[in-house]
Each structure stands twice: as C-alpha cells, then as structure tokens.
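Spelled out, the chains give:
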Amino acid sequence: MLKNKNLANSFWNLLDIFLYPIVFFVSVPLFIKHLGPEAFGVWMLLNTILVGMQVFNFGLGPGILKNIAWQIGKGDREGQINTLNSSLSASIMLFLLAVLITGTLALLTLKTDLFSIGPHIKSSAALCIALTGALVGFRFMEQVFTNFCKAYENFRAAAFITISNRLVPLIVNLILLFYYPDIATLVISMLVCNALTICCCFLLLHQRFTGYRFRLKIQFGSESSRFALVLWLQSLCMILIFQADRYLIVQYFGLVTLSYYALTATIFNHLHMGFNALLGWVAPKFTKWKAQDIEVKHLYIASRDSVLLISVNALLLFHFLYPYIFPVILGVKSTQAMTPYINYFIIMELFLAPSIIPAYFLNASGHEKGYLYFLILFASGTVTLMLLMLHYFKTPLAVVYALVLSNLAGMIFQNLFAEKQLFSKAAILRQLAGWILLPIAASLFLLYPTQWWGILSLIIVCLYSVIIIITSGRAHATLLYKA
C-alpha cells in the first residue's frame, strides 16, 4: 500500500478518472454492434446532454471543496455542517430543475426536428432524454459527496463513490446489451444504480461524520454561496467551450458524424481529467495553506512543471501508440472515422494541460473573480472562432481548429495571469520558456512529423524534458512528496 498520503491521493484520483473511461472505451464496439450506428449516436447524444447539463451545477463541487478545506484549516466544525447541508439542499433543488429541463427537451424532440433524430427512434430517444434529467440530478449529489471527501484529502472514498455511480452502471449495461439492447432499458438501469449509490452515501455520512444530521437549508448571499456562484459561472464557460462543438457538429453534420467526433472528444476529455487528477490534491492544499498563511510559490512551481512534463510526453506517447491500439479495440472502420480528429485533439490538449495548476491556484488563492473574467473572454472568443471556422471550412475539423487556436492563446494568458500573483516581472520572463517551449515544440512535431523542423522539435522536447528532470526533478518530487 502507498504510505505517503499525497501519493495515495494521486493514485486514487487517477483510478477515479481513468477506470471508467478505459472500460467504456473498450466496450464501445459492443455498444455500436448491439445498438447500431444511429442508436449509438443517440447514446452519445445522451452522454453529451449529461455532461452539458452540468452547466446548472452552480459551482457545487468546487465550492464545497474550497469551503470545507478552508473550514478544516480554521477548525470550524459547525461551518462544515452548514456548508454540507446547504450544498445537499441545493443539489436536491437542482435535481428537480434538471428533470424539468430534460422533460422540456424531450417534448421538443417529439414535436420538432431537434437533434435531427430519425422518426423510427424518436419516441425512444425522447423518453431517454427525459430520464437523463434524473441522472444529471444524481451527478449533482455525487459532486457534493466526492468533493466533501476530497476536502478531507480522502480521495479513496471519493473514488469509491464515483466508481459505484458510474462504473457499476456501465458493467450492468454491458450485460444488458446481450439481452435487452434498447437505449431506454440502459438508461433505467443507470437510474437504479445511481439511486442506490446516493442512498448509501447519505447513510454513511450520518454514520461517519460525528454530530451531522441533514437539514434542508437554502442559503443565499453568504460568502460560500457567492464563491460557489463564481465557480458555477466558471464551469458554465468551460462547458460552453467544450460542449458547444458537439452541438454544432450534430446540427451541421448529423448523428453519425457526432458519434465518432464525440467519441474522440470524450477520450480526450478523460485524458484531461486524468492530467487534472495527477495532482488534484494540491487544490485543497493551496486553500489550507492560504488559510494558515503558508507560502505556496514553490509548491506551485513543482506541481506546474510536473503536470507539464508528464502531459506533454504522455500525449506524444499516445500519438505513437493509438494507430496500433485503436483498430484492435474499436475496429478499423471506427478508427478511420476518428483519425482526422485525433492529432488536432492531441495538440489542443498540449495547450490545455499547462493551464491546470494555474486554475487550481487562482481559485484557491482569492483570484476566482479575475479568473472568471478571463474565462468569459476565452469562452466568447472560442465559440465565435468555431462559428467563423465552420463558415469558412465547412467541415467538422473546423471546430477543432478553433479549439486549438483558442487554447494556445488561453494557455499563454492564463499562466501569465497566475504567475503575476506570485512572481516579479523578471521572474515571470525567466520562467516563460519553461512552460511554453514543450507544448509548442510537441505541436510542431505533430503538424510536420516528416519535415526536418518537425523532427527537430521532437528532439527539443526530449532534450528539454531530460534537462528538467536532471536540474529540478528531484527537488520537485521531494517537495510534492512532503507537502
């Protein structure tokens, strides 16, 4: 067993993030085979709605993570109980809101040409869309429980909750595919599994959290609710950026194109979540240290450089391996349909991953409003760029071009904004090459893999990675181990 708490938290966080998508990825051929391409497109549409509806979470997850972590740092037990009750009460209200919204979407699907679904599966798709609202509501409740555990740096418990709420329903659905290959049946089985998981969470919370009793409590205007609102607006911007592309794809190019595009996007979404999970424990650590007036500068540098080094090299490894792995798992036809998107998604993630630690720091250190203003500009610019690219190129790749360009600009400005809060101008300029060289060089190789400058870029990535490991790898590892 891992004896160091930070290592253990990283392990459970990674398991939490990667176990479900790996099983889902391996099972995709079964879903396509038993459901058919069009029904599988509806299935991916339901997953898109499930993720997109997180726009209504009002910052529940990140809000409870920061507030509980701050209250732990201050030793405020009563504050923790109030925050927990307020968050759970809000999640119940949001459950009802989600059901209302998906019910409306289901009605529009039946009565109009919304989502361009064929008439022979329209009624079944509408029913599933309506039921998806309850799944969204259970996800809201899940966020409260998992982030409460993470605030206590108990990432193992958080992983068990997520696995029970997501992986178990997936395994049940894989079994059902062989006997009842119907989308409605699969959605209902997910509802049953999610309801059981949430009930168990409530029971365990009452047993393990001494002195806690649930009370319906809706708070408006408190400091914690204002912070949650800011976090919700941030998540709204991120969801707009990384879900708008899928809605544009289904409207412009149809369900079959969406199924392969969304599958590619989902893979990279989980890769990004995995990079987030590498050092996810630094978010509550930043908050606790801030509450205790402990310097975070060196922890920031160590975590930023570690995520950057691992993500760039992991994405390059993914580039070399996927042509051999995907055809075996997904089949040649599916791989060929996804291949045009993959390299551009890799480049997008090369620019997105370096923004992980700056985002953690900004929200944990009292700069969440400034970060929100940045995200509003980022989201509006990205969506505008998507529409312009679609108008000009008229191909699904247009939205990926827009994501690549916007994330390049976002990486630069977000890192500069975070480091402005920590370092002098001279120190920022000295560190600029440290976080911008690797992703730029790696992207040049992916764009021009057979040209001399592309090969030179790959050599630069390898050499610079070795230099980072030799010069500061041990110091960074020691700091992260002991933090």
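Quick note: structure is the one above.
Residues numbered from 1 in each chain as written. Predicted model: local features only at pLDDT ≥ 70, side-chain atom pairs only at ≥ 80, totals over all residues. Heavy atoms only, no water.

S.K.: Which parts of the structure should I look at to understand the overall build of the protein chain?
M.R.: When you go through the protein chain residue by residue, the secondary structure sums to 17 helices and zero strands. What you see for the protein chain is a C-alpha radius of gyration of 22 Å, in line with the 23 Å of a compact globule of 483 residues. Its C-alpha atoms give the protein chain principal-axis dimensions of about 65 × 65 × 45 Å. Scored against the burial criterion, the 483 residues of the protein chain give a buried share of 56%. Sequence separation of at least 24 residues holds for 81% of the intrachain contacts in the protein chain that already meet a minimum separation of 6. The centroid of the 31 positive side-chain charges in the protein chain is displaced by 4 Å from the centroid of its 16 negative side-chain charges. (Helix = DSSP H or I, 4+ residues; strand = E, 2+ residues; numbered from the N terminus. Rg over C-alpha atoms; globule rule 2.2 N^0.38 Å. Buried < 20%, exposed > 50% of the residue type's maximum accessible area, 1.4 Å probe, protein only. Contact = heavy atoms within 4.5 Å. Lys, Arg positive; Asp, Glu negative; His and termini not counted. Charge placed at Lys NZ, Arg CZ, Asp CG, Glu CD.)

S.K.: Is there a simple way to explain the environment of Ala442 in this structure?
M.R.: Considering the arrangement of structural elements, one finds Ala442 in helix α16 (residues 425-447). Residue class for Ala442 comes out buried when judged on its relative accessible area of 1%. Taking the C-alpha atoms as reference points, Ala442 and Leu316, separated by 126 residues in sequence, lie 7.4 Å from one another. Residues contacting Ala442, with those up to four places away along its chain left out, are Val312, Leu316, Leu350 and Val461.

S.K.: Sorry, what's going on with the packing of helix α3 (residues 60-74) against helix α10 (residues 282-291) here?
M.R.: Helix packing for two helices is described by the angle between their axes and how far apart those axes are. Between α3 and α10, the least distance of the axes is 8 Å, while the angle of their chain directions is 40°. One element, α3, and the other, α10, form an angle in the oblique class. Note on packing geometry: the crossing formed by α3 with α10 is right-handed. Residue-level contacts link Leu65, Lys66, Ala69, Trp70, Ile72 and Lys74 of α3 to Ala283, Pro284, Thr287, Lys288, Lys290 and Ala291 of α10. In terms of residue class, the contact of α3 with α10 is built from seven nonpolar, one polar and four charged. (Axes fitted to C-alpha atoms, helices over the stretch in contact; angles between N-to-C directions. Parallel < 35°, antiparallel > 145°, perpendicular 65-115°, else oblique. Left-handed = near helix turned anticlockwise from the far one by under 90°. Nonpolar A, V, L, I, M, F, W, Y, C, P; charged D, E, K, R; others polar.)

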